[in-house]
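Understanding the architecture of this molecule
Next come the chains, spelled out residue by residue.
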Amino acid sequence: MHGSKESPSWFLWVHLFMNLFMIIPFGCILESKTGSKNTLIVVLSAIIFSSITFQILLSGKDEMATGISVVGYAFVAGGTLNLIQSWTTYSKKFKNVCIILCVLDVLMLFPMMTGWVSTCLHISGIVSYFFVYFIMKLLAHLKK
């Protein structure tokens, strides 16, 4: 079962499609504003953060897991920040779709939807983006 034992089986497909809908639009926004190199750094940091989170949460248990949701949430965090900064350049239809996706993404953060482990992992994706964001800002400031 993808996600958590607490989530209903139909949610498997909802979860997987939501991952797709997080990665494609928000990933494209992030890459167009920050570049491929920084987007790759976000992906790698999300994978590292999720691996650490899994190790902490599932320590001593006979379970292993990993998820692309973490990268999706990192993209949502980065894409949303970049979307807000250039709000006027996007069409009303695209903005409405992004708002709907953000609302659905927030709903997926609730443990009753995906379970506690997935909720913590989703949050680790958001944290990983802000980690990269602040490190890049610090490095840019130090170069000046």
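Heads up: these notes are all about the structure in this document. (Residues numbered from 1 in each chain as written. Predicted model: local features only at pLDDT ≥ 70, side-chain atom pairs only at ≥ 80, totals over all residues. Heavy atoms only, no water.)

A short note on the overall build of the chain
Heads up, the condition is: Secondary structure elements follow DSSP: runs of H or I no shorter than four residues count as helices, runs of E no shorter than two count as strands, and numbering proceeds from the N terminus. Using a 1.4 Å probe on the protein chains alone, a residue whose accessible area is under 20% of its type maximum counts as buried, one over 50% counts as exposed, and one in between counts as partly exposed. When checking whether two residues touch, look at their non-hydrogen atoms; a contact exists if any pair is within 4.5 Å. Computed with a 1.4 Å probe, the accessible areas rest on the Shrake-Rupley method; for each residue, only the protein chains presented here act as cover. In this count, Lys and Arg are taken as positive residues and Asp and Glu as negative ones, while His and the chain termini are left out. We put the charge of a Lys on NZ, of an Arg on CZ, of an Asp on CG and of a Glu on CD.
For the chain, the helix and strand inventory stands at six helices and zero strands. For the chain, the succession of helices and strands along the chain, N to C, is α-α-α-α-α-α. Overall, the C-alpha framework of the chain stretches about 50 × 40 × 20 Å when taken along its three principal axes. Residue burial in the chain is summarised as follows: out of 144 residues, 36% are buried. The contacts of the chain with a sequence gap of at least 6 include a subset with a gap of at least 24, amounting to 78%. Working note: accessible area of the chain is about 8800 Å², and carbon and sulfur atoms make up 72% of it. Measuring between centres, the 10 positive side-chain charges of the chain sit 20 Å from its 5 negative side-chain charges.

What about the environment of Leu-58?
The residue Leu-58 is located in the loop between α2 (36-57) and α3 (69-85) in this model. Distance from Leu-58 to Lys-137, taken between C-alpha atoms, is 33 Å for residues 79 residues apart in sequence.

Focus: the packing of helix α1 (residues 11-34) against α2
Applied cut-off: Axis definition: a line fitted to C-alpha atoms, limited for helices to the stretch in contact. Angles are taken between N-to-C directions and run from 0 to 180 degrees. The cut-offs work like this: below 35 degrees is roughly parallel, past 145 is roughly antiparallel, 65 to 115 is roughly perpendicular, and the gaps in between are oblique. Side-chain classes follow a simple rule in which Ala, Val, Leu, Ile, Met, Phe, Trp, Tyr, Cys and Pro form the nonpolar group, Asp, Glu, Lys and Arg form the charged group, and the remainder, Gly included, forms the polar group.
Viewed as axis vectors pointing N to C, α1 and α2 meet at an angle of 130 degrees, and their least axial separation amounts to 7 Å. Regarding the angle of α1 to α2, the classification is oblique. Where α1 approaches α2, its residues Leu-30, Glu-31 and Thr-34 are matched on the opposing element by Ser-36, Asn-38, Thr-39 and Val-42. Residue composition of the contact of α1 with α2, by class: two nonpolar, four polar and one charged.

Here we look at the nonpolar core
A general trend in soluble globular proteins is that nonpolar side chains are found buried together. Quick reminder of the rule: Nonpolar cores are built from buried Ala, Val, Leu, Ile, Met, Phe, Trp, Tyr and Cys residues. Side-chain atoms within 4.5 Å join them into one set.
By size, the foremost hydrophobic cluster in this structure holds 26 residues, and its most contacted members are Phe-26, Ile-29, Val-42, Phe-75 and Tyr-129. Secondary-structure elements contributing two or more residues to this core are α1, α2, α3, α4 (92-107) and α6 (116-143). Counting residues per element, this core draws most heavily on α3, at eight residues. Sequence-distant contacts of Ile-29, that is, excluding residues within four places in its chain, are made with Gly-79, Asn-82, Leu-83, Tyr-90, Phe-94 and Cys-98.

Here's the deal with α3
Note the cut-off: A helix is expected to reach a length of 1.5 Å times the quantity of its residues less one.
Here α3 is 17 residues long and its end C-alpha atoms lie 24 Å apart, about the 24 Å a rise of 1.5 Å per residue gives. The buried fraction of α3 is high, at 13 of 17 residues.

Things to note about the packing of aromatic side chains
Worth spelling out the cut-off: Paired rings are identified among Phe, Tyr and Trp, the last through its six-membered ring, by centres lying within 6.5 Å, and are further divided according to the angle between planes into stacked (under 30 degrees), edge-to-face (over 60) and tilted (the rest).
Taken as a whole, this structure holds seven aromatic pairs when the rule is applied. Between Phe-49 and Phe-131 the ring centres are 5.4 Å apart and the planes differ by 50 degrees, which places this aromatic pair in the tilted class. In this pair, Phe-49 is assigned in helix α2 and Phe-131 in helix α6, connecting sequence segments 82 residues apart. Plain terms: the ring middles of Tyr-129 and Phe-130 are 5.6 Å apart, the flat faces sit at 70 degrees to each other, and that makes the pair edge-to-face. Given a relative accessible area of 31%, Phe-130 falls into the partly exposed group. One aromatic cluster is present, formed by Tyr-129, Phe-130, Tyr-133 and Phe-134 through successive ring pairs.

Points about the state of the cysteines
The criterion, for reference: Disulfides are defined as cysteine sulfur pairs within 2.5 Å.
Scanning the model with the defined rule gives zero disulfides in all. Free cysteine Cys-28: the closest other cysteine sulfur is in Cys-98, separated by 10 Å. Judged by relative accessible area, Cys-28 falls into the exposed class, the value being 51%. Unpaired in this structure, Cys-98 has its nearest cysteine sulfur neighbour in Cys-102, at a distance of 6.6 Å.

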